[in-house]
Every structure is written in C-alpha cells, then in structure tokens.
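For reference, the chains in residue letters:
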Amino acid sequence: MSNNILGIHHVTAISGNAQENVDFYTGVLGLRLVKKTVNFDNPATYHLYFGNEDGTPGTIITFFPWRSGELKGRIGTGQLSTTSFSIPEGAMGFWMERFKKHNIDFKGPLSRFDEEVLSFRDSDGLQLELVASVNDNRSAWKRGPVPAEYAVLGFYHVSLSVEGYERTAGLLTETLEFNKVSETGSRFRYVVAGGGVGKIVDILCQPEDLPGRVGAGTVHHVAWRTPSEATQLEMRSNVAKLGYNVTPVLDRNYFKSIYFREPGHILFEIATDPPGFTVDEAKEDLGKALKLPPWLEKNRMEIEKVLTPLSEPE
C-alpha cells in the first residue's frame, strides 16, 4: 500500500443557530474554534472549524450554520451517521458528570469492540460519541473549559450508514487502502494506515432505515486525509477510472479538495494535509477574526453585513 490515505481529515455537518453551535463545541466539548470563515460556495453563511490546539487534520469538525427556520435534517442511510471523538483513558466519569451539569442526555458507557463508548447529541441533534483511548498523543486545547487530562483529542472513528455495505466496503478496501479488521452484527470495521485513532471507519448495514435528509443536525460530508497534492491527484485518477463523478481539485485555502459520492450515496472528500490553518493567521490567533480567501476579500464589507457576530463563552 502507498499510504495515499492517512485517515480522517475532517467531518463537515449542518447546524442551526451559529452562536449555539459555538457555545456547544467550545463551551461544552471544550474544542478550540480554529477557524472562523465562510462557506466558499455560499459566502452569506459561516463555515466554522473546531479542533485541537493546533488544528491538526484528524481533529477538525466543521459546520455550515443554517438560519433558524430552515429544514431540519434526518439522520439515516446514505450519511455519516455518528462522529466519534477520542478522550483519554479514565476520562469517562468526568464527561458523564459534565453532561449532567449541562443537561445533556447520554447513553452508556457502552462496550463495543472492547471500547468504552459514551453516546450523546449536540444542540442540533447531531449524533456524537466519546471513546476512551489509551494511545492518543495529540495535543488538547489547554485554554478551553475542560482540563487537558480529560479533554477531547480529535476523532476516534466515524460510522457510515448504508442500505447495503458491500460496494462501499469495496471502495474502501480496493481504492482507499482500508483493511477490514472486525465485525459484529451489522457493523463492519475498517482501518487505514495501520489503524489507531482517526484511522477507523465503521460501516453500518441498515436496509430497514429511512434515507437521511440533509439539514441541521446531520453530516454533510466526510473528508479523508492525503499527504500532498500529488497523492491527491493520484487518488482522483483512481476514483475517476472507476466511473465516479469526481470534482476537479478545489482550493479551500487551508487544504485542496476533491469530492465524489461513494456507492452508498455518502459524499466523500479527499483533502490535503497542507497548507493548514496557519496560512492566514498565527497559531496563537486561530479563530479570533473572520478570515476570507483572497478571492472573497474584496466583498468583505457585504459579507460582514449579513453574518451575525459571534462570541466565545468565557
């Protein structure tokens, strides 16, 4: 294997109210607001990035906040249905007490593949999990409300819900370099680049479920990490040869991206690790100012007029 795919790069979801989204992910989960920008395809909407101290690929969950009153989503097949974060071993009790304090319903801890899992939802109903992990050396956000010894460290894995799993599994193993390592019931586990945190994906075969509907509280797409533009082009060629409609390379300022829908209809992105989130602001200033790509900077005044100002919890 050539290690063209290194694991999860980011997960992008739809939220409702932007301020409530910031309050939950920074104030409750204790993530860092790494980047405050706009949806490059719809600049009248924020694009908010939350992650660890460095904004490392594999730690970033991002949101397009839709204005209140717009369509509420439905989690179902054809979607990434659950996003799971890694926390330190021994931190589960802290999180159960924290969720009680913030009136957040949770289930667990549950046992899955010898993992300790806590299931909950965010303020829009997005399905999330915390998974206790022994071997996660990523840097926590140390200036948030959660002590570093308990803090969320990044993604552990994601779960993909599909009607039938064979074709999705075939794409993962034959093209994206994943290997099947386990299964239980209708859950099939795959790992890439040797496995470990941020390198795991579960396929859930759920033919009885309704198809998902994109809206607040659902995932829009999942992005896989690739180390360079050259490896991205190689992966694009491989995917195109299989007959998938794959986009040209798109400049997202902090990474380059290509997109296509896998056989179960989930939108996949392959994103480069570089250049990263410090391309337009220093590490210590990440997330403080509204950042726009060069081609939108000329429209800053108009864009700022339609965006509601955001504040982070004290």
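You'll find the structure just up there.
Residues numbered from 1 in each chain as written. Predicted model: local features only at pLDDT ≥ 70, side-chain atom pairs only at ≥ 80, totals over all residues. Heavy atoms only, no water.

## Thoughts on the sheet that holds strand 11 (residues 187-191)
As a reminder, the rule being used: When DSSP locates at least two bridges between a pair of strands, those strands are taken to pair. Each helix is a run of H or I in the DSSP string that is no shorter than four residues. Each strand is a run of E no shorter than two, and both are numbered from the N terminus. Orientation is described by lines fitted to C-alpha atoms, with helices fitted over the stretch in contact, and by angles between N-to-C directions that extend from 0 to 180 degrees. Any pair of residues with heavy atoms lying within 4.5 Å of one another is described as a contacting pair.
The sheet built from 8 strands is open, its strands ordered 6-7-8-5-9-12-11-10 with mixed pairing. Two strands lie at the open edges of the sheet, namely strand 6 (106-112) and strand 10 (179-184), each paired on one side alone. The sheet shows a mean angle of 25° between the axes of neighbouring strands, taken without regard to direction. In the sheet, strand 5 (residues 79-88) pairs with strand 8 (residues 127-133) via 6 bridges, with the strands oriented parallel. Paired with S84 across the strands is E129, a residue of strand 8. Packing against the sheet, helix 3 (residues 166-174) makes contact with strand 9 (154-162), strand 11 and strand 12 (200-205), and its axis sits at approximately 160° to strand 12.

## Thoughts on the pattern of salt bridges
As a reminder, the rule being used: Any carboxyl oxygen of Asp or Glu that lies within 4 Å of a side-chain nitrogen of Lys or Arg is treated as forming a salt bridge with it.
Applying the stated criterion to the full structure yields 17 salt bridges. The salt bridge involving R300 is made with E304; its shortest N-O contact spans 3.0 Å. With R300 and E304 both in helix 5 (residues 300-306) and 4 residues apart, the pair spans about one turn of that helix. One salt-bridge network, in which partners are shared between bridges, spans E115, R187, R189 and D202.

## What to know about the nonpolar core
Put simply, the rule reads: We call a set of buried Ala, Val, Leu, Ile, Met, Phe, Trp, Tyr and Cys residues a nonpolar core when their side-chain atoms join them within 4.5 Å. Categorising residues by exposure relies on relative accessible area from a 1.4 Å probe, with only protein chains included: less than 20% of the type maximum marks a residue as buried, more than 50% marks it as exposed, and the intermediate range marks it as partly exposed.
Counting 73 residues, the largest nonpolar core has Y25, L29, W95, L176, W224 and F268 as the members making the most contacts within it. In this structure L176 touches I5, L171, V192, W224, M235, F268 and I270, once residues within four positions along its chain are discounted.

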